[in-house]
Amino acid sequence: MPEGMIYKALSGYYFVEDDNGRTVQCRARGIFKKRGESPLVGDRVRFAETENGEGTVDAILPRSTELIRPPVANADLAVLAFSVIRPELNLQLLDKFLVHTEHAGLDALIVLTKMDAVAESEDADRIRRDVDAARELYTSIGYDTIVTSAKKEEGLDDLRDRLSRHISVFAGQSGVGKSSLVNALVPGLQLETSEISEKLGRGRHTTRHVELVKLAGGGYVADTPGFSQLDFAELGIEQIGDCFREFRELAPGCKFRGCTHLHEPGCAVKDALESGGIAKSRYQHYAGFMAEWKENRRRY
Ligand code: GDP
Ligand code: ZN
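Rules and cut-offs
- Residues numbered from 1 in each chain as written.
- Chains lettered and ligands numbered in written order.
- Predicted model: local features only at pLDDT ≥ 70, side-chain atom pairs only at ≥ 80, totals over all residues.
- Heavy atoms only, no water.
- Donors = N, O, S within 2.8 Å, 3.2 Å for Na, K, Ca; no water.
- Tetrahedral: all angles 85-135°; square planar, octahedral: opposite > 155°, others 65-115°.
- Helix = DSSP H or I, 4+ residues; strand = E, 2+ residues; numbered from the N terminus.
- Buried < 20%, exposed > 50% of the residue type's maximum accessible area, 1.4 Å probe, protein only.
- Pairing = 2+ DSSP bridges.
- Right-handed = clockwise from strand over helix to strand, strands pointing away.
- Axes fitted to C-alpha atoms, helices over the stretch in contact; angles between N-to-C directions.
- Contact = heavy atoms within 4.5 Å.
- Salt bridge = Lys/Arg side-chain N within 4 Å of Asp/Glu carboxyl O.
- Phe/Tyr/Trp six-rings, centres within 6.5 Å; stacked < 30°, edge-to-face > 60°.
- Lys NZ or Arg CZ within 6 Å of the ring centre and 35° of its normal.

A. Expanded view of the coordination of the zinc ion (ligand 2). Within the protein, Cys254 (SG), Cys259 (SG), His261 (ND1) and Cys267 (SG) serve as the donor atoms for the zinc ion (ligand 2), at 2.1 to 2.4 Å. Given 4 donor atoms and angles of 105 to 114° at the metal, the environment of the zinc ion (ligand 2) is assigned as tetrahedral. Sequence positions of the donors to the zinc ion (ligand 2) reduce to the motif C-x4-C-x1-H-x5-C. Taken together, the residues Cys254 in the loop between helix H8 (245-250) and helix H9 (268-274) and Cys267 in the loop between H8 and H9 connect sequence positions 13 residues apart. Assessed through its relative accessible area of 2%, Cys267 is described here as buried.

Structure representation (C-alpha cells):
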C-alpha cells in the first residue's frame, strides 16, 4: 500500500503527497472517527486509491511530535522569530518560547528579524551589541541563530538551508515579521501581513486551515504560526528545568534527585551560575517561570 504525507486538510479531504511527489485527494476511513482519532497535516499515512481517482487514508504511522496549535504532526523544528527592533528583543519571552518548544519535543532555530531597521535607530550601537550577545549566548547553549531582514532579503539563504529536510512551524509575537519572512521564503505565497489585515479591519488566522508549504530547497513550513498560548498549565513544575538545555545537562550533578535548582544545597546549576557557566538571564527567567507556575496553581 502506498505511503505519503498529508500536506493539507480541507473540507473533509486530506491531500496526500506520495514519495514520488504525486498528490492524491483522500477521505479518511470511518474507523478513525470511531477511535476518536483524526489524521493531521504532517502525518505519514498509508492510503489506497479508489476508482474515482481519489483515495482513502487507511493508517496513520506513528508520530514523532504533535502540536495542537497549529494542528500539525511530525513538526521537528520551531522557528522562533524575534525582531531586534519594533518590538525590541525580549529574552524572557524567547526563553518562554524555548520552554514550550523543548516540551513539545522540537528543535529550535532562533531567527532575529528586521535587522535592516536598526541603522535608523539612535540606539543602533547598543542594539547591535545586544544582538551579538544574544547570538553568542544561545549558540553556546546549542541553538542556531540567524539574523535576517525580509525587507532587504538578507539571511534568507541561510534560513532556507536550515529549513530543508524539516517540517517547521514559525512562532513569535505578533508583528515581529513572521508572515513577511515566510512570504520572502516562498515566492508566490501571499500570507497576510499585519498591515494588510489592519487595512481590511480583521484579525488574521481566523478559521483557516493549516497547510504545509513546500520550500524550493526542500522541507515544509506550516502557513500558520504556532505556540500562541504560552502558559505553563500543561507542564509539571519539575519539567520546567528540563526544558532549559544547559540545566538539564547539569542536573545529574545536583545532590538531590528532583532538585528544583532554587533553594537546595549541592545544586550543580547554582554552582554553574556562580562560576559563570550558565547565564544570569537564563537563571532569572527560569526562577521567574517557576514562580509564575506556582502562582497559577494557587489561583486555580
Ligand atoms: P507577523 O505578525 O509576525 O506575521 O509580522 P508581519 O510579517 O505582519 O510584519 C509586521 C510588521 O513588520 C509589518 O509592518 C512589516 O512590514 C514589518 N516588517 C516585517 N519584516 C520586516 C523587515 O525585515 N524589516 C523591516 N524594516 N520591517 C519589517
Ligand atoms: Zn539543582
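B. Spotlight on the pairing of strand E9 (residues 107-113). Among the 7 residues of E9, 6 are classified as buried, and the element is accordingly described as predominantly covered. As paired strands, strand E8 (residues 77-83) and E9 are joined by 7 bridges and run parallel to one another. Looking at E9, one finds that Ser83 is bridged to Thr113. Chirality of the crossover, the property in question, places the unit of E8, helix H2 (residues 91-104) and E9 among those that are right-handed. Alignment of E9 against strand E10 (residues 144-147), held across 4 bridges, turns out to be parallel. Its bridge partner being in E10, Leu109 is matched across the sheet by Asp144.

C. Region of the structure containing the sheet that holds E10. Taken in spatial order, the 6 strands line up as E10-E9-E8-E11-E13-E12 in an open sheet, and their pairing is mixed. Two strands close off the open sheet at either side, each with one partner strand: E10 and strand E12 (212-214). With direction set aside, neighbouring strand axes in the sheet form an average angle of 30°. Against the sheet, H2 makes contact with E8, E9 and strand E11 (167-171), and its axis sits at roughly 170° relative to E8, the strand it touches most. Together, E9 and E10 form the strand contacts of helix H3 (residues 124-141), whose direction differs from that of E10 by roughly 155°.

D. Highlighting the pattern of salt bridges. Enumeration according to the criterion identifies 25 salt bridges in this entry. Between Arg86 and Glu120 there is a salt bridge whose closest N-O contact spans 3.8 Å. Of this pair, Arg86 sits in the loop between E8 and H2 while Glu120 sits in the loop between E9 and H3, placing them 34 residues apart in sequence. Taken individually, Arg86 and Glu120 each receive the classification exposed, so the pair is uniform in this respect. Between Arg126 and Asp130 there is a salt bridge, and its shortest N-O distance comes to 2.9 Å. Note that Arg126 and Asp130 are positioned in helix H3 at a spacing of 4 residues, about one turn of the helix. You can call Asp130 partly exposed: its relative accessible area is 38%. Several salt bridges share partner residues, and in doing so they unite Glu102, Asp107, Asp144, Arg162, Arg245 and Arg248 into one network.

E. Highlighting the packing of aromatic side chains. A complete count under the given rule lists 9 aromatic pairs for this structure. Each ring, one from Phe244 and one from Phe289, has its centre 6.2 Å from the other, and the planes form 45°; the classification is tilted. Residue Phe244 is found in the loop between helix H7 (237-242) and H8, and its partner Phe289 is found in helix H10 (residues 280-299); the two are separated by 45 residues along the sequence. According to the relative accessible area criterion, Phe244 is buried, its value standing at 0%. Every member of this aromatic cluster is reached through a ring pair, and the members are Phe232, Phe244, Phe247, Tyr283, Tyr286 and Phe289. Directly above the aromatic system of Phe15 lies the positively charged group of Lys8, at a separation of 4.7 Å from the ring centroid.

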